[in-house]
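Each chain, letter by letter, is given below.
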Amino acid sequence: MSASPKAVEIAQIAARAAVAKLALDPVAFDVSERLAITDIFLIVAATNERQVGAVVDAIEEALLAAGVKTVRREGDRENRWVLLDFLDTVVHVQHTEERALYALERLWKDCPAIDLGELEPAIGS
């Protein structure tokens, strides 16, 4: 079983919103074969706590506009690693230092990567 089309769409919308706020290196993995709780992990990085907060807000706003509500939000007090749970997709917005330290990509590298589509930030954003 692979990630649902809905989960892929959520990950793509979230990734586009993150990149629009200059998030770094978005990557998504289909974890549906390994985890029963979600289909996709999306991981993005930001260079400071303020940017982590801005990326999180942008993702939530973009998905709410698409009719998808956040089920759970954790870690936003420190803005070093914020987890956004959308059921089918879980988004990890990490400070670049946390991303390097915890290396989630290495943990999930055996899972198939998800094509996030075109992610270039719009000029003037």
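Refer to the preceding data block for the structure.
Position labels on residues start from 1 in each chain and follow its written sequence. Local features in a predicted model are, by the rule used here, given only for residues with pLDDT of at least 70; side-chain atom pairs are given and counted only at 80 or more, and totals for whole chains, interfaces and linings are based on all residues. Water and hydrogen atoms play no part in the side-chain values, which are based on all heavy atoms of the structure.

Some words on the packing of helix 1 (residues 5–20) against helix 2 (residues 49–65)
Stage number 1. Fitted lines through C-alpha atoms give the axes, limited to the stretch in contact for helices. The angle between two N-to-C directions lies from 0 to 180 degrees. Runs of E in the DSSP output that reach at least two residues are strands. Runs of H or I that reach at least four are helices, and both are numbered from the N terminus. Two elements in contact, helix 1 and helix 2, have axes separated by 8 Å at closest approach and are oriented at 135°. By the angle between their directions, the pair helix 1 and helix 2 is classed as oblique. Relative to helix 2, helix 1 is oriented so that their crossing is right-handed. In this structure, helix 1 contributes Ile10, Ile13, Ala14, Ala17 and Ala18 to the contact, and helix 2 contributes Val55, Ala58, Ile59, Ala62 and Leu63. Here roughly perpendicular refers to angles of 65 to 115 degrees, roughly parallel to angles under 35, roughly antiparallel to angles over 145, and oblique to all remaining angles. Note: crossing handedness is left-handed where the near helix turns anticlockwise from the far helix by less than a right angle, and right-handed where it turns clockwise. The contact rule is simple, with two residues in contact once any of their heavy atoms fall within 4.5 Å.

What about the nonpolar core?
Stage number 1. In these notes, a set of buried Ala, Val, Leu, Ile, Met, Phe, Trp, Tyr and Cys residues joined through side-chain atoms within 4.5 Å is what counts as a nonpolar core. Any residue under 20% of the maximum accessible area for its type is buried, any over 50% is exposed, and the rest in between are partly exposed; the area is computed with a 1.4 Å probe on protein chains only. Leu42, Ile59, Leu63, Phe86, Val91, Val93 and Leu116 are the most contacted members of the largest nonpolar core, which has 31 residues in total.
Stage number 2. If you list the elements that add at least two residues to this core, you get helix 1, strand 2 (40–46), helix 2, strand 4 (81–85) and strand 5 (89–95).
Stage number 3. The leading source of residues in this core is helix 1, at nine residues.
Stage number 4. Setting aside anything within four residues of it in sequence, one finds Leu63 in contact with Ile10, Ile13, Ala14, Val68 and Phe86.

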